[in-house]
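# Overview (structure and organization)
Residues per chain, in single letters:
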Amino acid sequence: DLQGRVSFFRAWLTNGRPSCFQLPAFFFPQGFMTGALQLHARKYAIPIDTLNFAFEVRQEEGIDDVAEAPADGVYISGFFLEGARFDRETQMLADSLPKVMYDTVPVIHFKPTQHYKRSQADCECPLYKTAVRAGVLSTTGQSTN
């Protein structure tokens, strides 16, 4: 885990902004997500407090599969599901396969969207920093644990 974090940040420093970010590498991911919203707000001269993230699950499975960064927002990788899986064919959450506790999630496009309202058809899913599901959900929807 530590070696992966160091490798990710070293590549960012030496090669420039990556096309896809590994969110679990960040110690304080809420700050990174706020920064992504700030960049969008400045680019389009809109108030940051009107922005929230819309999400699109991509076909790419990981950082190495992403050729270029999106025009707006960020591509994020490094998520896992516990007790469920993301069905690549139906593009929906599904029951986990027999004897498989954890499943990887494809790259997700976090798109800053003004006055975003989640569709009732979309699943609202908490995001935890560790496998221990404890802590308080922060303003980004990510657990403080």
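Thresholds applied
Residues numbered from 1 in each chain as written. Predicted model: local features only at pLDDT ≥ 70, side-chain atom pairs only at ≥ 80, totals over all residues. Heavy atoms only, no water. Helix = DSSP H or I, 4+ residues; strand = E, 2+ residues; numbered from the N terminus. Buried < 20%, exposed > 50% of the residue type's maximum accessible area, 1.4 Å probe, protein only. Contact = heavy atoms within 4.5 Å. Areas by Shrake-Rupley, 256 points an atom, 1.4 Å probe, with all protein chains shown as cover. Expected span 1.5 Å × (residues − 1).

A tally of regular secondary structure across the protein chain gives two helices and eight strands. The buried share among the 145 residues of the protein chain stands at 30%. Partitioning the contacts of the protein chain with sequence separation of at least 6, the portion at a separation of at least 24 is 56%. When the accessible surface of the protein chain is split by element, carbon and sulfur atoms take 56% of a total near 9,700 Å².

Here helix 2 (residues 29–44) is 16 residues long and its end C-alpha atoms lie 23 Å apart, about the 22 Å a rise of 1.5 Å per residue gives. Of the residues making up helix 2, those classed as buried are Pro29, Gln30, Phe32, Met33, Ala36, Leu37, His40 and Ala41. Where helix 2 is buried, its residues touch helix 1 (2–15), strand 1 (21–22), strand 2 (51–57), strand 3 (74–77) and strand 8 (108–114). Immediately beyond the C-terminal end of helix 2, within one or two residues, lies Ala45, with a positive phi of roughly 50 degrees.

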